[in-house]
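Take a look at the letters that make up each chain.
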Amino acid sequence: MKSLLWKSLAVSGLALAAFVTSSALSDTAEASTVATTKNVSVTRLYTKTGELVKNRGLGPNTPWAVGKAIYRDDITYYQVATNEYLKSTDTAQLTGDAIPDYKVSYQMNLKNVNKYFTAYLNALHKANGTAPVTLTDDMMNYAQQRAGQQSGMNLDHTTATRETSENLFGASANYLSYVGVKSDKDAAYFLLKDWYDDNSNFTPIGQPGHFGHRAALIYSGPNVGLGITNTSSGFEAAFTADWDYSSLDGFHQVYNYTGSNPNTQFISKDSI
């Protein structure tokens, strides 16, 4: 990354402005990409994991050489120091060449994925007239255990240790990036849609069970959980839920459907 000239301002009181760093590009640096802050008193900085840098900030209308970009939680961050990043939403303009060594970096937060997945699942239930579900620690823990048991993409329901409804998913280690997942919300919607579509179901279309994953989603509950592992050997996910015995007739109707598309309703990504 191109060198930067840092100039510290005098500190007075406890105001945040006391931590502002006024910066300009070095006279000798020929930065290929420059991010300029907006005309606000303080522009906050973040670490590569998205944590707020509490003792430093950037001054108004100051240009910064960009080392690389990372993408997390639907926002691009520009690197302006070793572990200090400027949000693209806090940038007035980006000038110069394309950012060198641009990387899309998505680090999954499983709790957030569960939160979004449950919200989408409840929207799906509402669209199909089934009762809402609740995310529980117990189900999340069990789902994580089940995901771990699928290492190597086993996708084996017989190894379950509890009587629950479950959907399993397995793919290569880089699959999430390949399908365009860049945030926890993306991951939640991708899994929901993949299971709902049932295009990857081992049971061929036209046979009972082909839409089993869709049935398990729509008729799940009242308690649910999602587990995900993402290792060098592969990406596995498991969705677990209580059996809703009051709606088993509806479950069996979708599960045993042998046509091309059951009479169910899906939801859009902006439904939550």
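Above this note sits the structure.
The following refers to the structure shown. The model shown is predicted, which means the values in this text are computed figures rather than measured ones. (Residues numbered from 1 in each chain as written. Predicted model: local features only at pLDDT ≥ 70, side-chain atom pairs only at ≥ 80, totals over all residues. Heavy atoms only, no water.)

**Considerations on the overall build of the protein**
For the protein, the helix and strand inventory stands at six helices and 14 strands. For the protein, with 272 residues in total, the buried portion stands at 46%. Summing over all exposed atoms, the protein offers an accessible surface of approximately 13700 Å²; the carbon and sulfur share of this is 48%. (Helix = DSSP H or I, 4+ residues; strand = E, 2+ residues; numbered from the N terminus. Buried < 20%, exposed > 50% of the residue type's maximum accessible area, 1.4 Å probe, protein only. Areas by Shrake-Rupley, 256 points an atom, 1.4 Å probe, with all protein chains shown as cover.)

**As for the sheet that holds strand E11 (residues 134-135)**
Spatially, E11-E13-E14-E12 is the arrangement adopted by the four strands of the open sheet, whose pairing is mixed. This sheet does not close on itself; its edge strands, each paired only once, are E11 and strand E12 (165-171). As paired elements, E12 and strand E14 (residues 234-243) share seven bridges and run antiparallel to each other. Residue pairing for E14: Gly170 is matched across the bridge by Glu236. Its contacts with the sheet put helix H1 (residues 110-128) on E11, strand E13 (220-231) and E14, and the angle it makes with E13 is roughly 140°. (Pairing = 2+ DSSP bridges. Contact = heavy atoms within 4.5 Å. Axes fitted to C-alpha atoms, helices over the stretch in contact; angles between N-to-C directions.)

**A closer look at the pattern of salt bridges**
As enumerated under the stated definition, the model contains five salt bridges in all. For Asp138, the salt bridge goes to Arg162, with nearest N and O atoms at 2.9 Å. In this pair, Asp138 is assigned in helix H2 (residues 137-148) and Arg162 in the loop between H2 and E12, connecting sequence segments 24 residues apart. The class for Asp138 is partly exposed, based on a relative accessible area of 43%. Residue Arg162 is classed as partly exposed on the basis of its relative accessible area, which comes to 32%. (Salt bridge = Lys/Arg side-chain N within 4 Å of Asp/Glu carboxyl O.)

**A closer look at the nonpolar core**
Phe117, Leu121, Leu191, Trp195, Leu217 and Phe239 are the most contacted members of the largest nonpolar core, which has 36 residues in total. Where this core is concerned, the elements lending two or more residues are H1, E12, helix H4 (184-197), helix H5 (212-218), E13, E14 and helix H6 (248-255). Among the elements that take part in this core, H4 stands out by supplying eight residues, more than any other. If you look at the next biggest cluster of nonpolar residues, it comprises ten residues, including Ala35, Leu45, Trp64 and Leu86. (Core = buried A, V, L, I, M, F, W, Y, C linked by side-chain atoms within 4.5 Å.)

**Some details on the environment of His125**
Within the secondary structure layout, His125 lies in helix H1. Take His125: its relative accessible area is 1%, and that puts it in the buried class. Sequence-wise, His125 and Ser220 are 95 residues apart; in three dimensions their C-alpha atoms are separated by 8.8 Å. When near neighbours in sequence (up to four residues on either side) are disregarded, His125 contacts Thr130, Ala131, Pro132, Val133, Leu217, Ile218, Tyr219 and Ser220. Within polar-contact distance, the side chain of His125 engages the backbone oxygen of Ile218 at 3.1 Å. (Polar contact = N/O pair within 3.5 Å; in protein donor to acceptor, adjacent residues only side chain to side chain.)

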